[in-house]
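Secondary and tertiary structure notes
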Amino acid sequence: MRGRSDGAQKKRLWTSICIGAVLVVFLYVYFGSKSSGESALEYGSRSLRKLGSSYLGGDDNSDLSSRQDEKFGLEDGEDGVIAKSFPVCDDRHSELIPCLDRHLIYQMRLKLDLSLMEHYERHCPLPERRFNCLIPPPPGYKVPIKWPRSRDEVWKVNIPHTHLAHEKSDQNWMVVKGEKIIFPGGGTHFHYGADKYIASIANMLNFSNDNLNNEGRIRTVFDVGCGVASFGGYLLSSDIIAMSLAPNDVHQNQIQFALERGIPAYLGVLGTKRLPYPSRSFEFSHCSRCRIDWLQRDGILLLELDRILRPGGYFAYSSPEAYAQDEEDLRIWREMSALVERMCWRIAAKRNQTVVWQKPLNNDCYMERPAGTQPPLCRSDDDPDAVWGVNMEACITPYSDHDHRVGGSGLAPWPVRLTTPPPRLADFGYSNEMFEKDMETWRQSVDQYWSLLSPKISSDTLRNIMDMKANLGSFAAALKDKNVWVMNVVPKDGPNTLKIVYDRGLIGTTHDWCEAFSTYPRTYDLLHAWTVFSDIEKKGCSGEDLLLEIDRILRPTGFAIISDKQHVIDFIKKHLSALHWEAVGSADSFSDPEQDNDEIVLVVQKKLWLTSGSIRDTE
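The name that an unreviewed UniProt entry assigns to the chain is Methyltransferase, with the source organism given as Anisodus acutangulus. UniProt's Sequence similarities (unreviewed entry) comment on the chain is quoted here verbatim: "Belongs to the methyltransferase superfamily."

Below you can see the structure in the form of C-alpha cells.
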C-alpha cells in the first residue's frame, strides 16, 4: 500500500510541476509578446496559429465569410474598435503566389493548353478559395543583405532552393557557399560574366566606350527568359534599367532570387495574353537561349516583342540558330530570318552565336510591302496599349502619326528624359505645366515621407520599392538620387499612364488590386499606396484582402506608406496588431494644398515574426 501511495503522490507532484511549468511558459509568452510589441522581432502569439487551409476550403473558414461582408469602417467595441486577428498559413505556403499557383490549377481542373504556356499565365482564385492568413517566412529567415552587396550574394535560408546551382553549375548562374548563395554573374550564354557579354553587344553595335546605354539613348530593356537576372543586374551600372521576365516554371524561384538580389524583375510568360506593358516601352529586348519558339503561331510571340519595342529598337538574340550548326538550326534560322524581314526588321550586327535585329524608325517599310504580305498590320481599331487580359494578335503594330513623322519616339536621352514632358503626354490632355506641377508636388511629398521614415532607415535600408498607383511616375522620379528602383504600377481600369512612365525612362506594369500581384512573398522593401484602398472600395473589393496582399509582398522590417481618406486609415489602424505592423508616423496629406484634400498619411513597418517551427529551427 505504501508503494502505491508513494507512486500516487509522485504522480500528483509531477502533474503539479507540469501544470506550473505550462502556466509559467504561457504567462511568459503572453506578457512577453505584449511587452516586446515594439521590437522588430516577434516569436509568435495566440494570433499566430496555423491554418491548414487550401483553396478548396480549410479547417476554419469563419473569418472568410465575415471578411467578405465587411465594409471599410470601424466596428463598435471597447474604445470604439474591435481588434482583429489573422491566422498564419501553413509553412508549406511560405512562397505562395495566389494567381500563379499550380495547386489552384490542379484543384479547379482548368483546361489549359500547355503548349501555349497557359498554365504559366495568371489564374486567380475566387474569393471563397482565397487564403485568409499571413504568409510565414521560411525557418531561420534573415533580413536580406543590402544593395549593392546583394547583387552578388544572398542568404540561403531566405530562399532555401539550391537546385539551380547544381542544374546550371557549368553556366555560373549561382554557387552555394556556406550560409550564402553566390552569383558570379554567369548565364546560359555568358558563362564568363554578364559584364563582358553586355560590352560585347555594345561593341557589335559600335556604341562608344562599349557602353550599351549609347550615350543615354538606351534606357529601358526587356530581358525575356532572364534566369536569375544577372543580365539586368549588370546593366544597372550603365544607367540602364531592365524588366527581367521569367515564368514560375521548372526553374522555380529564379525571379525570387532576382528580387532578393535587389534586381528589377517580374513573374510572367509569353503565352496567349499580351505582356502588361504598353506599346513602344523598351529600346532594347534580349533573349539568351530563352527556350522560346519564336516561329509558333505565325510568329505571334515575336510580334508581341515588336509591339513593345520603340521605333529603331533592338532585339539581341543569342542562340545556336544564329550560327546554324546543324540542319535543324539552319531551318529555324532561315524561317526566323524570313519572318523578321517581312516584319521590316534588319540585321544591325551578327557575331558568333548572337544576332541583333533593329526595328524600322517609321512606317515606310510597312507601306511598301506587297499586298497580302504576312504578318498583316493590326486593325486600325486595335489599341496597342490595351494589355490587361487582352489576347495577343499575330499582326504588326504600326507607329502613330507623330512617331512616323519624327522618325522615332522623340524622347530625350537619359537622364534628361526623366524630367522632360514626353510627346505622349498629349494623349491624356495633359499640358507641360501640369506635368511639371505633378513633379514638384511629388518631390515635396517624398521629402515629407522620408522625414517620417528617417528615424527608422539609413541610406541602404531600402532597395525594392513599389508605387501601387503610379499615375505619371513622379513618385519614382523624386527618388532618382536614392539607391533604389521602383516598380510603377498603373491600375488596369484607370488612365493608361504607364506609357508616360516608360517614356520617362522608368519601368512598371499594369495590375488590378482586387487580385494578388505577380511576385513572390517578401520581395519589396517599401510599398506606396496612394488612394489605392479607396479605389478598390469603390469596386466592392475587400480591404482586408489588400492588407494581406501588402503583407505578403513586403519583406519583414519593410515599410508601407498609405495615403488615403480618414476612414480608410482608421480601418487599417485596427488591423495593425493582427498584421504585426507598427505605426511609424502619420501626418496630413502632402498633396497639393490648393486642392480640397482630406487625405491622411500613415507609415507602418512590418515586424519580423517567426512561427513556432521557425523558432525551433533557428535555435
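1. Here's the deal with unusual backbone geometry
Following Gln374, the chain continues to Pro375 via a peptide bond in cis, the omega torsion being 0°. By the element assignment, Pro375 lies in the loop between helix 10 (364-368) and helix 11 (401-406). Following Trp414, the chain continues to Pro415 via a peptide bond in cis, the omega torsion being 10°. Here Pro415 lies in the loop between helix 11 and helix 12 (432-453). Within the chain, Arg297 stands out as a residue other than glycine whose phi angle is a positive 45°.

2. Brief notes about the sheet that holds strand 19 (residues 581-588)
Judged by pairing direction, the sheet is mixed, and its seven strands sit side by side in the order 16-15-14-17-18-20-19 without closing on themselves. Pairing within the sheet leaves two strands with one partner each, and these edge strands are strand 16 (507-511) and strand 19. Strand-to-strand twist in this sheet, taken as the mean axis angle between neighbours without regard to direction, amounts to 20°. Judged from the five bridges that link them, strand 15 (residues 485-491) and strand 16 form a sheet pairing that is parallel. Directly across from Met487, in strand 16, lies its bridge partner Ile507. This element, helix 16 (residues 543-553), spans strand 14 (464-467), strand 17 (524-530), strand 18 (554-565), strand 19 and strand 20 (599-606) of the sheet and lies at about 145° to strand 18.

3. A look at the packing of helix 8 (residues 296-308) against helix 9 (residues 327-342)
Contact pair helix 8 / helix 9: the axes reach a minimum separation of 11 Å and the direction vectors enclose 60°. Classified by the angle between their axes, helix 8 and helix 9 sit oblique to one another. Every pair of crossing elements has a handedness; the one defined by helix 8 and helix 9 is right-handed. Residues Asp298, Gly299 and Leu302 of helix 8 form the contact with helix 9, whose own contacting residues are Met336, Leu339 and Val340. Split by residue class, the contact of helix 8 with helix 9 holds four nonpolar, one polar and one charged.

4. Digging into the environment of Tyr430
As for its position among the elements, Tyr430 is in the loop between helix 11 and helix 12. The class of Tyr430 is partly exposed, set by a relative accessible area of 26%. In contact with Tyr430, other than residues within four places in its own chain, are Leu425, Asn471 and Leu472.

5. Thoughts on the pattern of salt bridges
Summed over all chains, the structure comprises 32 salt bridges. The salt bridge involving Arg310 is made with Asp503; its shortest N-O contact spans 2.9 Å. Of the two residues, Arg310 is situated in strand 11 (residues 309-318) and Asp503 in helix 14 (residues 498-503); the sequence distance between them amounts to 193 residues. Pair check on accessibility: Arg310 and Asp503 agree, each one buried. In this structure, Glu440 engages Arg443 in a salt bridge whose closest nitrogen and oxygen atoms are separated by 2.6 Å. One end of the pair is Glu440 and the other is Arg443, both in helix 12 and three residues apart, which spans about a single turn. Judged by relative accessible area, Glu440 falls into the partly exposed class, the value being 33%. Overall, the relative accessible area of 39% leaves Arg443 in the partly exposed class.

6. With respect to the state of the cysteines
One pass over the structure, following the stated rule, counts six disulfides. Across the disulfide, Cys99 is cross-linked to Cys124 (sulfur-sulfur distance 2.0 Å). The S-S bond linking Cys99 to Cys124 shows a torsion near 115°; that makes this disulfide right-handed. Residue Cys99 is located in the loop between strand 3 (88-89) and helix 3 (102-108), and its partner Cys124 is located in the loop between helix 3 and strand 4 (153-155); the two are separated by 25 residues in the primary sequence.

7. Considering the packing of aromatic side chains
One pass over the full model with this rule turns up 23 aromatic pairs. Relative to Trp530, the ring of Trp442 has its centre 5.5 Å away and its plane inclined at 85°; by these criteria the two rings are edge-to-face. Separated by 88 residues along the polypeptide, Trp442 in helix 12 and Trp530 in strand 17 bring together distant segments of the chain. Classification of Trp530 as buried rests on a relative accessible area of 19%. Here a set of aromatic residues connected by ring pairs shows up, and it is made of Trp294, Phe315, Tyr317, Trp333, Trp345 and Trp357.

8. Quick notes on empty space enclosed by the protein
Enumeration according to the criterion identifies nine cavities of 30 Å³ or more in this entry. Estimates place the volume of the largest cavity at around 310 Å³. Lining the largest cavity are 22 residues, with Pro98, Arg130, Ala516, Asp545 and Glu549 positioned closest to its centre. It is helix 16 that contributes the most residues to the lining of the largest cavity, five residues altogether. Among the residues making up the lining of the largest cavity, the classes are represented as 16 nonpolar, one polar and five charged. Each pocket or cavity is described by its volume, and for the second largest cavity that value is around 150 Å³.

9. Some points on the confidence of the model for the chain
Looking at the chain, pLDDT values average 85 and 81% of them are 70 or higher. Confidence drops under a pLDDT of 50 for residues 27-69, and excluding neighbours within four residues, the segment shows 88 contacts in the predicted structure. Counting contacts from residues 614-619, a segment whose pLDDT is below 50, to residues more than four positions away or on other chains yields nine contacts.

10. Re helix 8
Here helix 8 is 13 residues long and its end C-alpha atoms lie 19 Å apart, about the 18 Å a rise of 1.5 Å per residue gives. Maximal helix bending in helix 8 amounts to about 25°, located at Leu302. Of all 13 residues in helix 8, eleven are buried, a share of seventy percent or more. Where helix 8 is concerned, the buried positions are Gln296, Gly299, Ile300, Leu301, Leu302, Leu303, Glu304, Leu305, Asp306, Arg307 and Ile308.

11. As for the pairing of strand 12 (residues 346-351)
Bridge count between strand 12 and strand 13 (residues 354-358): five bridges; the pairing is antiparallel. The residue of strand 13 that forms the bridge with Lys350 is Val355. If you look at the hairpin formed by strand 12 and strand 13, you'll find two residues sitting between the two strands, and Asn352 has a positive phi there, around 50°.

12. Side note on the sheet that holds strand 7 (residues 220-224)
The sheet built from seven strands is open, its strands ordered 9-8-7-10-11-13-12 with mixed pairing. Strand pairing shows two members of the sheet lacking a second neighbour, strand 9 (265-267) and strand 12, which therefore form its edges. Taking the axes of each pair of neighbouring strands and ignoring which way they run, one obtains an average angle of 20° across the sheet. Of the pairings in the sheet, the one linking strand 7 to strand 10 (residues 282-288) comprises three bridges and is parallel in character. Paired with Val221 across the strands is Phe284, a residue of strand 10. Contacts between helix 8 and the sheet are confined to strand 7, strand 10 and strand 11, with strand 11 contributing the most and set at about 135° to the helix.

The rules we used
- Residues numbered from 1 in each chain as written.
- Predicted model: local features only at pLDDT ≥ 70, side-chain atom pairs only at ≥ 80, totals over all residues.
- Heavy atoms only, no water.
- UniProt positions renumbered as here; feature names shortened; annotations may be inferred.
- Helix = DSSP H or I, 4+ residues; strand = E, 2+ residues; numbered from the N terminus.
- Pairing = 2+ DSSP bridges.
- Axes fitted to C-alpha atoms, helices over the stretch in contact; angles between N-to-C directions.
- Contact = heavy atoms within 4.5 Å.
- Parallel < 35°, antiparallel > 145°, perpendicular 65-115°, else oblique.
- Left-handed = near helix turned anticlockwise from the far one by under 90°.
- Nonpolar A, V, L, I, M, F, W, Y, C, P; charged D, E, K, R; others polar.
- Buried < 20%, exposed > 50% of the residue type's maximum accessible area, 1.4 Å probe, protein only.
- Salt bridge = Lys/Arg side-chain N within 4 Å of Asp/Glu carboxyl O.
- Disulfide = S-S within 2.5 Å.
- Phe/Tyr/Trp six-rings, centres within 6.5 Å; stacked < 30°, edge-to-face > 60°.
- 1 Å grid on protein atoms, 1.4 Å probe; cavity = no way out; pocket = protein on both sides within 12 Å on 5 of 7 lines; lining within 4 Å.
- Points joined across faces, edges and corners; volume = space filled by probe spheres on them.
- pLDDT = per-residue confidence, 0-100.
- Expected span 1.5 Å × (residues − 1).
- Bend = angle between axes of the 7 residues up to and from the residue.

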